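# Structure assessment
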Amino acid sequence: GLFVKQGCMKGIVEIELFKSPENILITREIYVENNASVWFINGKPATLKTVEEQIAALNIQVDNLCQFLPQDKVGEFANLSKTELLEATEKSIGSPEMYQFHCELKNFREKQRELENLCREKATSLEKVKQRVERYKQDVERYHECKRHVDLIEMLERKRPWVEYENVREQHEEVKQCRNQVKKELKRLREMQAPWRRRIQEAEENLNNLDMKTRDNTTEMRTISQKCKEKQDALEMKDKQIEEINQAFRMKKDEETNRQKEIHQTQKIIEEWQNELDTMAVCENLQPQIDAVNTELKKLQEEKANIDNDVSDLRAEKNNQEREEKRIIDRLGQLNNIRQMKEEKLKKRFRDTHSALTWLRNNKDKFKRKAFEPMMLEINMKDSRHAKYVENHISSNDLRAFVFECQEDMETFLVE
């Protein structure tokens, strides 16, 4: 595809070779898309192997530098040895048989050298064999002498088992007597150790029983401890409920005291009004005023009841807010403690990061926008068991990295 003009999809190369009675026209089409070539001989499709066979039949040797010398092969041609240059010349100007005869001649000369070397080796081997035969004569004499000594040794070897048997038999008798004495001694020691063995067996049985009892007691203690813990948790929950009920009771008691005071004051007002009515003369014209006063009194009582309800709601809301405030304060305290622990851990493991954190807190006025502290100080898990998943998914470098909202603040931080 590199030989095709840029922008074209394919390129065509056509060569006409002289051959009697009809010339050969070889065409090659090169496609850029799949970097493939298609060959044609006299306009008919053909394979690369067929094209090479046709070229070889015309004694055209493209690889022979004496016949076809491209510009990029001039250096290689200059480096050819005399032998390689001779072979290339034979292939170029001579018939194919000439090069084959030359190759056969070289092979025959190589075989001649090998046969000459083999002949010299055989002659050397023959001389060595003659010398070896002379040495063997002396070896044969030594062999016969050795054979006599071996026969003597064999006769002595046949006698040696009887001597060894006699020695072993005497040793056997001695060992047998020692064994009998050791058996007697062993029997006596076993009889002496029998009471101790019984005691040891009894002690082992007692130890096994104690181990079983210890395991049972341990299991029972664990069960009792678990039950005690559950009872203690339930008792603490009941104490909290009792405390809440006592607080609600005190609130109700205060409300009831205030209500009784208001009722007592209202009763006094009614008694005063009643006394005023008793002292006044009976008159039909006072009845509308009495009705108006009673109506006004009912309105006041209704307003009082509404105010009491509002006060109760406000008190309950105030208590809820106080409890929520206490819970938030406790939570903030826990978070501050956790943050301090994280900072201590950061200071021990990454002292440079902790120094940078201290500098950031003391120089926040140098930044144009908000600068965030490391992620490990900002993230707080509601459940500590989930912290390991965050640590596994976020690398250590990211957890202790500082975050800035603008590039200029980050550069300022890095410079400092």
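Model, not experiment: these values are computed from the prediction.

## Some thoughts on the overall build of the chain
Check the secondary structure of the chain and you find 10 helices and six strands. When the 416 residues of the chain are sorted by exposure, 11% land in the buried category. Sequence-distant contacts, at least 24 apart, represent 44% of the contacts inside the chain between residues at least 6 apart. Counting only carbon and sulfur atoms, one obtains 54% of the accessible surface of the chain, whose full area is about 35900 Å².

## Focus: a nonpolar patch on the surface
A surface patch of nonpolar side chains, about 260 Å² in accessible area, is lined by Leu152, Met155 and Leu156. Within the secondary structure layout, Met155 lies in helix α4 (residues 96–279).

## As for the packing of aromatic side chains
Pairs of aromatic rings are described using the distance from one ring centre to the other and the angle between the two planes. Within this structure, the stated rule accounts for two aromatic pairs. Ring centres of Trp359 and Phe367 lie 6.1 Å apart, and the angle between their planes is 90°; this geometry places the pair in the edge-to-face category. Given a relative accessible area of 9%, Phe367 falls into the buried group. Each ring, one from Phe367 and one from Phe404, has its centre 5.7 Å from the other, and the planes form 35°; the classification is tilted.

## Observations concerning the pattern of salt bridges
Taken as a whole and judged by the stated rule, the model has 10 salt bridges. We note a salt bridge from Glu157 to Arg160, for which the minimum N-O separation is 2.7 Å. Taken together, the positions of Glu157 and Arg160, both in helix α4 and three residues apart, correspond to about one turn of that helix. Residue class for Arg160 comes out partly exposed when judged on its relative accessible area of 42%. Its salt-bridge partner being Lys368, residue Glu408 comes within 2.7 Å of it at the nearest N-O pair.

## Focus on the side chain of Asp409
Residue placement: Asp409 occurs in helix α10 (residues 407–415). The buried charged residue Asp409 lacks any salt bridge partner; its closest oppositely charged side chain belongs to Arg369, at an N-O distance of 6.3 Å. Those residues in contact with Asp409 that sit more than four places away from it in its chain are Phe367, Lys368, Arg369 and Phe404.

## A look at the sheet that holds strand β3 (residues 36–41)
Pairing within the open sheet is antiparallel, and its four strands lie in the order β1-β2-β3-β4. Each edge of the sheet is formed by a strand with only one pairing partner; in this case those strands are β1 (10–17) and β4 (44–46). Within this sheet the neighbouring strands show an average axis-to-axis angle of 30°, counted without direction. In terms of strand pairing, β3 meets β4 through three bridges, oriented antiparallel.

## Things to note about unusual backbone geometry
The backbone of Asn35 shows a phi angle near 55°, a positive value even though the residue is not glycine. Tracing the sequence through the fold places Asn35 in the loop between β2 (24–31) and β3.

## Brief notes about the environment of Glu343
Along the chain, Glu343 turns up in helix α5 (residues 287–349). Excluding its chain neighbours within four sequence positions, the residues that come into contact with Glu343 are His354, Arg361 and Leu377.

## A look at helix α6 (residues 351–362)
The end-to-end C-alpha distance of α6, which contains 12 residues, comes to 17 Å, matching closely the 16 Å that a straight helix rising 1.5 Å per residue would cover. Residues of α6 that are buried: Thr353, His354, Leu357 and Leu360. Taken down its axis, α6 places every buried residue within 120° of arc, on the same side. Opposite the buried face of α6, at more than 90 degrees from it, the exposed residues are Arg351, Asp352 and Asn362.

## Here we look at the nonpolar core
Of all hydrophobic cores here, the largest spans nine residues; its members are Leu346, Leu357, Leu360, Phe367, Ala371, Leu377, Phe402, Phe404 and Phe413. Those residues in contact with Ala371 that lie beyond four places of it in its chain are Leu360, Val403 and Phe404. Counting residues in each nonpolar core, the second largest holds seven residues, with Ile24, Ile41, Val51 and Ile55 among its members.

## Section: the side chain of Asn363
Summarising the element assignment, Asn363 is placed in the loop between α6 and β5 (371–372). There is a polar contact of 2.7 Å between the side chain of Asn363 and the backbone oxygen of Trp359.

## Focus on the confidence of the model for the chain
On average, residues of the chain score 78 in pLDDT, and 82% of them reach the 70 mark or higher. Averaged over each element, pLDDT in the chain is lowest for helix α8 (residues 387–393) (67) and highest for β4 (89).

## Digging into the pairing of β3
As judged from the six bridges shared by β2 and β3, these two strands associate in the antiparallel manner. Among the inter-strand pairings, Glu29 is bridged to a residue of β3, identified as Val38. Count of turn residues in the β2/β3 antiparallel hairpin: four residues, of which Asn35 carries a positive phi of about 55°. Between the antiparallel neighbours β3 and β4 lie two residues, among them Asn42 with a positive phi of about 55°.

## Some words on the pairing of β1
Judged from the eight bridges that link them, β1 and β2 form a sheet pairing that is antiparallel. Following the sheet pairing, Leu17 is matched in β2 by Ile24.

Cut-off values and rules
Residues numbered from 1 in each chain as written. Predicted model: local features only at pLDDT ≥ 70, side-chain atom pairs only at ≥ 80, totals over all residues. Heavy atoms only, no water. Helix = DSSP H or I, 4+ residues; strand = E, 2+ residues; numbered from the N terminus. Buried < 20%, exposed > 50% of the residue type's maximum accessible area, 1.4 Å probe, protein only. Contact = heavy atoms within 4.5 Å. Areas by Shrake-Rupley, 256 points an atom, 1.4 Å probe, with all protein chains shown as cover. Patch = residues over 30% accessible without salt bridge, like charges linked within 9 Å, V, L, I, M, F, W, Y side chains within 5 Å. Salt bridge = Lys/Arg side-chain N within 4 Å of Asp/Glu carboxyl O. Phe/Tyr/Trp six-rings, centres within 6.5 Å; stacked < 30°, edge-to-face > 60°. Lys, Arg positive; Asp, Glu negative; His and termini not counted. Pairing = 2+ DSSP bridges. Axes fitted to C-alpha atoms, helices over the stretch in contact; angles between N-to-C directions. Expected span 1.5 Å × (residues − 1). Arc of directions from axis to C-beta. Core = buried A, V, L, I, M, F, W, Y, C linked by side-chain atoms within 4.5 Å. Polar contact = N/O pair within 3.5 Å; in protein donor to acceptor, adjacent residues only side chain to side chain. pLDDT = per-residue confidence, 0-100.

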